[in-house]
Amino acid sequence: MGVEAHATNERVTGRRWTVRLDPVGRGRADVRVSCSRPACAAQVLPSAADGRTAAIAHLKAHLRAGSAPRPSVHCACRAEECHTHIRPAGPRERPVPWRCGGAVVLAVITDREGRWWQVMECCSRCAAAHPTAKVVATAPAAETSARNDGLRADAGASAAPAAPAVHAPTFSAISPHFSHSATATATGTAVPQQASAPRSAARSAPRSARPTRKRPPRGRIAQRLVPHDLRPVALRDELTELGELFRAYQARTEPDLAMLADLHARKAEAFNAWAEVTADTGLRLDARRAEQAAATARLQHLHRIGQAPDGEGPAVVRLLTAPAQWNHARAVLAHVAENAPLPGAEARLLVVMVTLRTAQSGVGNLVGQDIKGLPLQDPEHLVGQLVESGWLGISGTVEELIASRPESPTRISVPSLTPDEDDPGPFTFGRKLRPKLSGWAQRVVGEKKLRKGKTGADVRLLALALATGADGEGLLGPGGEGIGLDALSSWCSVDPADLPDLVDRLTAADWLAEADVTDTLLTGRLTERVLPLGCPLT
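Residues numbered from 1 in each chain as written. Predicted model: local features only at pLDDT ≥ 70, side-chain atom pairs only at ≥ 80, totals over all residues. Heavy atoms only, no water.

(A) Highlighting the packing of helix H17 (residues 457-467) against helix H18 (residues 485-492). Interhelical geometry of H17 versus H18 gives an angle of 130° and a closest axis separation of 9 Å. What the angle tells us is that H17 and H18 run oblique. The two elements H17 and H18 cross, and the hand of that crossing is right-handed. For the pair H17 and H18, the contacting residues are Asp458, Leu461, Leu462, Ala465 and Leu466 in the first and Leu488, Trp491 and Cys492 in the second. The class makeup of the residues in the contact of H17 with H18 is seven nonpolar, no polar and one charged. (Axes fitted to C-alpha atoms, helices over the stretch in contact; angles between N-to-C directions. Helix = DSSP H or I, 4+ residues; strand = E, 2+ residues; numbered from the N terminus. Parallel < 35°, antiparallel > 145°, perpendicular 65-115°, else oblique. Left-handed = near helix turned anticlockwise from the far one by under 90°. Contact = heavy atoms within 4.5 Å. Nonpolar A, V, L, I, M, F, W, Y, C, P; charged D, E, K, R; others polar.)

Dropping the structure here:
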């Protein structure tokens, strides 16, 4: 009776469930841990690190409390016909799917970023096809299980059958793994070691039973195998150790950019030595990329801890990031100061913004909000004056320009900036830098506290001048010695006697600190709040 009941049983598909780590919302640090099992409620944790710890603990609890893999089930991916395990093919071969086979195992699979963990009851061959799979338990052979079931049925045993040997999962078995390969190993019942047999018995043993001598495992780094015969031996050992260290780093739950930079630096040095030994150009290119990766990781680490690249003072993430961009910004302001077609601070400010819109080719687009957003008393009259002077050309009327919207901008042109065969134009920067410079000027002129203080065009022009006239620490003038009042009054198109009032307004807007106006100089420094808008003197 027991045999007949066993024969009519149908094989079922293996179990599979997933534990996920998802963000709660955009811009929020807390995360949600969820499990695909119906009885498991989602949890919300304050950070990704806490969420990852909770997800791993939840998965380990399932593995400890769950049953062992069943030897008679179908592979969990059988329903997908192993479409996720396609064997790589050659250039003239078609990809061939893996066939299921081997003992049934309980495998844990992770993604590269550590955002989900999936447990599968599958065959050992499919587990081996997953690069991140870790086998945590293995079912006994099906024949052995069936024979034991038959013996128990014939004997009429009433006691529950003993569970197959299951190795308890460790943290490394279910923690996130990124790019290193994980080999699935069957963890069956251990075979006890017998006492040493006589030498004659060892000779008489069949060849298949004799222990085989295996080569030591080959090191792997950056998808390259380290040759056994690589000399010097110290280089071979260094490459092998680096590969293990990189894999250990990728298994970390939290990044350490300082450690990563050191690993890349060691890799660059080792690959250069390897290239010298083998004369392999590819190794030299890999070494160069490792040097760049080390520099990038080290710079990111310094920014993360709030230090400058040289280790002195806090790091400042500037809107314009390179000295060449800072010099181009100063060149545009100097050109406007020398070639402004109309007097007055309002005309000067409008000319600056239009110049930055058309600096590269002499033509550009403008909408009404671009002009109405500036502190101009009569923008239509001012634009009309620029058009009448011949400095500005527009496609349409001034009223149409003021009323234009972003979906239908007005085409403008500045003839003095249009390059031709004989004159390439006053500026040498490229097409990609022009919008960066224009965006920088808009950020300075439209800065939040300047707008809330309802400052005029003269104060905005002074802010532009000081943003390009301070050093890396915000001190005004070369070497922090200050900026001449004559140069500032000429640029702002105001009387020198009016500069102290403009300086007071910038100080009230938290732009300037420790400001002091003498008969000839303005000294002080930019506040830390506006340092990202600065173009340091080099």
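(B) Broad picture of the sheet that holds strand S12 (residues 393-394). In space, the three strands of this open sheet follow the order S11-S13-S12, with antiparallel pairing throughout. Since the sheet does not close on itself, it has two edges, and those belong to strand S11 (363-366) and S12, each with one partner. Along the sheet, helix H11 (residues 345-358) contacts S11 and strand S13 (410-413); its crossing angle with S11, the most-contacted strand, is approximately 120°. (Pairing = 2+ DSSP bridges.)

(C) Molecular detail of H18. For H18, the full list of buried residues reads Leu485, Leu488, Ser489, Trp491 and Cys492. The buried residues of H18 occupy an angular sector of 165° when projected down its axis, which confines them to one face. Positive backbone phi, approximately 55°, marks serine 493, located one or two places after H18. (Buried < 20%, exposed > 50% of the residue type's maximum accessible area, 1.4 Å probe, protein only. Arc of directions from axis to C-beta.)

(D) The packing of helix H15 (residues 433-445) against H17, seen in detail. At a minimum axis distance of 9 Å, the contact between H15 and H17 shows a crossing angle of 125°. Between H15 and H17, the angle is such that the two are oblique. H15 and H17 meet at a crossing whose hand is right-handed. In this structure, H15 contributes Trp440, Ala441, Val444 and Val445 to the contact, and H17 contributes Arg460, Ala463, Leu464 and Ala467.

(E) Structural detail: the pattern of salt bridges. Evaluated as defined, the whole model comprises 18 salt bridges. Measuring nitrogen to oxygen at the nearest pair gives 3.0 Å for the salt bridge that ties arginine 15 to glutamate 121. Here arginine 15, found in the loop between helix H1 (2-8) and strand S1 (16-23), pairs with glutamate 121, found in strand S7 (residues 116-123); they are 106 residues apart in sequence, far enough to count as distant. Of the two residues, arginine 15 and glutamate 121, neither departs from the other in class, the shared state being buried. With a closest N to O distance of 3.7 Å, aspartate 237 and arginine 236 form a salt bridge. Taking relative accessible area as the criterion, arginine 236 reaches 23% and is therefore assigned partly exposed. Among the charged side chains, a salt-bridge network with shared partners connects Arg224, Asp280, Asp286 and Arg289. (Salt bridge = Lys/Arg side-chain N within 4 Å of Asp/Glu carboxyl O.)

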